[in-house]
Amino acid sequence: MDSKPVWILLVLGASAASRASSQVRERGIDSPAEGWDLATFLNNYVQLQGFNSVHFLRDSNVSTSVPWEQWWSFGYRHFLRAQKEAYVALSSLADVSQVVDRQLQPSGESHSENVIVIFARLFTDSDFQILSAVLNEKRFQSLHWLFLCLAPCWPRLGYVGFPLDNMAVVAEVSSLRPGAEVAFWDVYQPAPHLPQRASVVRRWPLRDLLCPDCPGNATSAAGLPGREEEGDGGGGVALGFPREPWARRTNLTGLVVRCTALPGAPHTYLQDNPDGGVKISGIYGELWDALRDILNFTQRCTRPPDGGWGALRNGSWTGMIGELVKGEADVAVAPLDKTYIRSLVVDYPHPLSLEGYVLVIKRPQGSSSTWNSYLREFQPSSWLVLCAVLAALTVVLTFLGRLSPDETAMSAGDAVLVTIAALCQLGTDAVFSSISSRILFITLYLTCVLVYMFYTSFLISALTVNKVSLPFRDLQGMFEKKTHTFGFHGGGSLEDYFRTSSIQVNKNIWTEMVLPNPHSLQQARNGLQQVLEGRHAFMTNKVFFLSKYFHCGFYILPGDYFLVAKTWPMRRGSPLFPVFNHHMIAMAESGLVVKSSRRWMPRGASCESSSVDAIGLATVMTAFLLLGSAAALASGLVLLERLSFNKGP
């Protein structure tokens, strides 16, 4: 599917020469042959702007009784016949609404870019009246327009309302005769009560536009290194201005932009003002101030009355999203998640960050392996193999002492003591004379050396490092064990995630752990306090938690959940949206977002001690119990030996 934009040429005109303006008569022509080549102008404009589909819509009441009307009719008809590279359709003015509806309605086809552009002639008073009526229709404001106007276009254009989000370019030509100059104007009005803004974005001699590839012309590829090729989607660079007008809309003339905000460190910190508003600082505060300086608007920021972020409850939106839906605010300057259900009622500009949520529990104290501190150095299977190898070597050592003619017979007890001495890295007074016995002893000793090194190195680490034993590692484990209660900040995106999730464990947690517990949905401060007081797990935004609440009493379980883009949602259909979106993209591409994030993001904190902790009694209790038991056993045996000696013959 071709991704080139669609171009609609709309001709709006008077039905008789008596309605022509004085400017047309004074600067017009006596015959069509005297006028400049309108068809070539239109054809080159289409190519330079990168359009490949043209809908040419003309007024059926256009009269051809005067030379300039004849020139106009001849020009666009010649354009239709000569156009070969772009798709061209000739339709009536009544079909415009249907074309617009087809473009605005979603379809099953994939369109990377589908832009409607309307070309209109502004020669008569009737043309300006129709123009004003068309621009007042909301659905036409987002269409690309090119208005061909005979100078001077003002003050009549000053009475036409050009909304902030209009896609219009006014091509003001000095004359209909050859040698004329064309000036491309960008016109917009930030709000109905504010003055109109108009500026020349580029001025070209008409001969350059009629022959863009002629050597030396300003629009030629050789004369303009930055020219983009047809099909790149940029459009208009060869004419000296981009097809999209948002980069040119940088003066909102003090327009009051209403914003709603909540504190969400490190993105937003709020300071209350005496007038009831708030001042925003933090990452988003710096970006908001930068955007305000670029666009020259004033702000009025307040907290949402219910203090919520925005959740759908009983068919109504709460919090900041509710303020946008009700039209009480234009933009929410807060780290709000971009979710599908929210995108149905608000517009999301370019994402500013990508963040996730974490599960926080109380930091476990110590390790659950007190009774196996001296056994966990090896896995059970390793212990089994090790004991089997040492036992086999001990048995073989005993038999070699008895079978070898050069050796003194060694009892099983002495062989066991030799093995134990080798394990403890001690010597022995046993003498091995034969080669076979020596090889076996060396094998036994080296085996014990390796076991000793592995065991002691791990034992030292295990005794000095306090290993944390987690009750569970993720949501699935939490739900299965049910040793902890669970909660998160209600009235936000997490509530929508769990309530509408298609993942079974999330659905089970919502129905069995959240809904039955009235204290599950609460503010972060209260939820995290509940974590410190008992067996409670709390899910929260990771960056927010590290910035405001983290200390070593908490433990963040591994893994991030619900990784989602964050940005400033805007009132749906707001004329501010395309302008804000463009400049937010520009701020991201310039590195301003990264620079501000580095300044405000929390530094990584570690709860590991910089010094070696003293070994506690619980860690070495197993060894002392075993040694004490051995001492008690020895004491008991000596008593038995004494009694046996006294009863001797």
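Worth saying up front: this structure is predicted, and the values here are computed from it rather than measured.

Procedures and definitions
Per chain, the residues get numbers from 1 upward, laid out in the order the sequence is written. Per-residue local features of the predicted model are confined to residues with pLDDT of at least 70, and side-chain atom pairs are confined, for both listing and counting, to 80 or more; whole-chain, interface and lining totals are unaffected and use all residues. As a rule here, side-chain values cover all heavy atoms of the structure and leave hydrogens and water aside. Any cysteine sulfur atom paired with another within 2.5 Å is treated as part of a disulfide. Helix and strand assignments follow DSSP, with helices taken as H or I runs no shorter than four residues and strands as E runs no shorter than two, numbered in order from the N terminus. Remark: exposure states derive from per-residue accessible area (1.4 Å probe, protein chains only) relative to the maximum for the residue type, with buried under 20%, exposed over 50%, and partly exposed in between. Here, the term nonpolar core denotes a set of buried Ala, Val, Leu, Ile, Met, Phe, Trp, Tyr and Cys residues that are joined through side-chain atoms within 4.5 Å. Contacts are assigned to residue pairs that have any heavy atoms within 4.5 Å of one another. Salt bridges are counted wherever a side-chain nitrogen of Lys or Arg sits within 4 Å of a carboxyl oxygen of Asp or Glu. In this analysis, axes come from line fits to C-alpha atoms, helices being fitted only over the stretch in contact, and the angle between any two N-to-C directions falls in the range 0 to 180 degrees. Just so you know how the angles are binned, under 35 degrees is roughly parallel, over 145 roughly antiparallel, 65 to 115 roughly perpendicular, and the rest oblique. Ten residue types, Ala, Val, Leu, Ile, Met, Phe, Trp, Tyr, Cys and Pro, are classed as nonpolar, four, Asp, Glu, Lys and Arg, as charged, and the remainder, Gly among them, as polar. For two strands to be treated as a pair, DSSP must find no fewer than two bridges joining them. Every residue carries a pLDDT, the predictor's confidence in it, which falls somewhere between 0 and 100. Whenever two N or O atoms come within 3.5 Å, that pair is a polar contact, provided that in protein one can donate a hydrogen and the other can accept it, and provided that, for residues adjacent in sequence, both atoms are side-chain atoms.

A full pass over the atoms with the stated rule returns 2 disulfides. What pairs with Cys149 in a disulfide is Cys153, and their sulfur atoms sit 2.1 Å apart. The sign of the -140 degrees torsion about the S-S bond sets the Cys149-Cys153 disulfide as left-handed. Disulfide pairing places Cys259 opposite Cys301 at an S-S distance of 1.7 Å. Disulfide Cys259-Cys301: torsion about the S-S bond near 135 degrees, hence right-handed. Of this pair, Cys259 sits in strand E9 (residues 256-260) while Cys301 sits in strand E12 (residues 298-302); the two residues are 42 residues apart in sequence, bridging distant segments of the chain. Among the residues examined, Cys301 registers a relative accessible area of 3% and is labelled buried. Here Cys424 stays unpaired: no disulfide links it, and the sulfur of Cys448, its closest cysteine neighbor, is 8.9 Å away.

By size, the foremost hydrophobic cluster in this structure holds 34 residues, and its most contacted members are Trp288, Trp568 and Phe580. No other element matches the 7 residues that helix H7 (residues 283-295) contributes to this core. Ignoring any residue separated from it by four or fewer positions in sequence, one finds Trp288 in contact with Val257, Cys259, Phe297, Gln299, Cys301, Val331, Val333, Trp568 and Phe580.

The next subject is the pattern of salt bridges. Considering all chains together, one arrives at 15 salt bridges under this definition. The residue Arg249 makes a salt bridge to Asp186 at a minimum N-O spacing of 2.8 Å. Of this pair, Arg249 sits in the loop between helix H6 (206-210) and E9 while Asp186 sits in strand E7 (residues 181-188); the two residues are 63 residues apart in sequence, bridging distant segments of the chain. Across this residue pair, the class does not change: Arg249 and Asp186 are buried. Where salt bridges share partners, they join Arg313, Glu495, Asp496 and Arg499 into one cluster.

As a further point, take the packing of helix H14 (residues 493-500) against helix H15 (residues 504-514). Viewed as axis vectors pointing N to C, H14 and H15 meet at an angle of 110 degrees, and their least axial separation amounts to 7 Å. When the interaxial angle is binned, H14 and H15 end up roughly perpendicular. Residues Glu495, Phe498 and Arg499 of H14 pack against Asn506, Ile509 and Trp510 of H15. Residue classes in the contact of H14 with H15 are distributed as 3 nonpolar, 1 polar and 2 charged.

Once that is clear, we can look at unusual backbone geometry. That bond from Ala151 to Pro152 is cis: its omega, -5 degrees, falls within 30 degrees of zero. With respect to the secondary-structure elements, Pro152 resides in the loop between strand E5 (144-150) and strand E6 (167-173). The omega angle of the peptide bond from Trp154 to Pro155 is 15 degrees, so this bond is cis rather than trans. You can see Pro155 is positioned in the loop between E5 and E6. The backbone phi angle of Lys482 is positive, close to 55 degrees, even though this residue is not glycine. Note on placement: Lys482 falls in the loop between helix H13 (475-481) and strand E19 (485-488). We classify Lys482 as partly exposed; its relative accessible area is 46%.

Let us look at the pairing of strand E22 (residues 561-567). In terms of burial, E22 is largely enclosed, as 5 of its 7 residues are buried. With 4 bridges connecting them, strand E18 (residues 353-362) and E22 associate as antiparallel partners. Residue Tyr357 lies in a different strand from E22, and its bridge partner there is Tyr561.

A few words now on the confidence of the model for the protein chain. Confidence in the prediction of the protein chain, expressed as mean pLDDT, is 78, and 76% of residues score 70 or more. Contacts for the low-pLDDT stretch residues 11-23, under 50 throughout, to residues beyond four places or in other chains number 44 contacts. In the model, residues 219-237 has pLDDT below 50 throughout and makes 46 contacts with residues more than four positions away in sequence or in other chains.

Turning to the side chain of Ser520, a few remarks are in order. Structurally, Ser520 is set in the loop between H15 and helix H16 (524-533). Overall, Ser520 belongs to the buried group, its relative accessible area being 0%. Polar side-chain contacts of Ser520 include one of 3.3 Å to the backbone oxygen of Met513. Among all residues touching Ser520, those that are not within four sequence positions of it are Phe486, Gly487, Phe488, Met513 and Val514.

Right, let's get into H14. Counting buried residues in H14 gives 6 out of 8 residues, a clear majority hidden from the surface. What H14 keeps buried is the set Ser493, Leu494, Glu495, Asp496, Tyr497 and Phe498.

Right, let's talk about the pairing of E9 for a bit. Here E9 runs beside E12; their pairing, made up of 5 bridges, is parallel. Looking at E12, one finds that Val256 is bridged to Thr298. As paired elements, E9 and strand E15 (residues 331-332) share 2 bridges and run parallel to each other. Bridge assignment links Cys259 to a residue of E15, and that residue is Val331.

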